[in-house]
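Geometric and topological summary
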Amino acid sequence: EGDGTITHSANSLAFAGAALGYSFDSQIRSATTTSNLLLQNQTFGAPAAAIRAVQIVPTFIADAGQEHSAFSIEATQNGAADTLNGIRIFLEKGTAATTLATMTGIAIAAPSVVGTVTTGYGISIQNVSLVGATTGFAIRIVSQTANATTTRAIEIEGTGVNNAIRLGSGPNLYSDAAESV
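From a predicted model like this one, the values you see are computed outputs, not experimental measurements. (Residues numbered from 1 in each chain as written. Predicted model: local features only at pLDDT ≥ 70, side-chain atom pairs only at ≥ 80, totals over all residues. Heavy atoms only, no water.)

1. Re the overall build of the chain
Along the backbone of the chain there are zero helices and four strands. Each helix (α) and strand (β) of the chain, taken in turn from the N terminus, gives the series β-β-β-β. Per-residue burial for the chain yields a buried fraction of 1% across its 181 residues. (Helix = DSSP H or I, 4+ residues; strand = E, 2+ residues; numbered from the N terminus. Buried < 20%, exposed > 50% of the residue type's maximum accessible area, 1.4 Å probe, protein only.)

2. Let's talk about the confidence of the model for the chain
A residue-level look at the chain finds 73% of positions with pLDDT of 70 or above and a mean pLDDT of 78. The spread of mean pLDDT over the elements of the chain runs between strand 2 (residues 12-16), the lowest at 57, and strand 3 (residues 165-166), the highest at 87. Ignoring residues within four places in sequence, the model shows residues 18-23, a span with pLDDT below 50, making 10 contacts including any to other chains. (pLDDT = per-residue confidence, 0-100. Contact = heavy atoms within 4.5 Å.)

3. Some remarks on the pattern of salt bridges
Scanning all chains against the criterion turns up one salt bridge. We note a salt bridge from Glu155 to Arg152, for which the minimum N-O separation is 3.8 Å. (Salt bridge = Lys/Arg side-chain N within 4 Å of Asp/Glu carboxyl O.)

4. What about the environment of Pro171?
Structurally, Pro171 can be placed in the loop between strand 3 and strand 4 (172-173). What Pro171 contacts, discounting residues up to four positions off in sequence, is Ile165 and Arg166.

This is the structure in structure tokens:
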């Protein structure tokens, strides 16, 4: 609360004014209820390292029995609406004169582990069969059109039992080196 000035320079924010303090304590809010909170709106250059418009890099202390999340979204819809998305990702290749080698909506990097991890998941989906819902899908893939040279709803690149799909306690479904299931 109170008067203050926030200025910026390369990779930092500076806070001036005794009432402002030097950190955001719990919330950053949009000025109105009808506008977006814009975290980044600029064109980036081409440095040698990877570019991340927003990066969250916390370190958690030992705290047995607690869930630690680097990023959490909890969205509430009050009243009627057509759609509520927790995360919506839109990618756009902006120029026709160049080539983009790969476009990925969500990329999950291989984890780095020192010590022991009992179970690891790339994606874990809890029970989404909602009370009161007519239909519930843990994963829904809208029809994949034949716009690309090769189109599949799901592709598992590896072969063998380590790249299997398991349905409950049933058998593993996988392709062997001869591409037979």
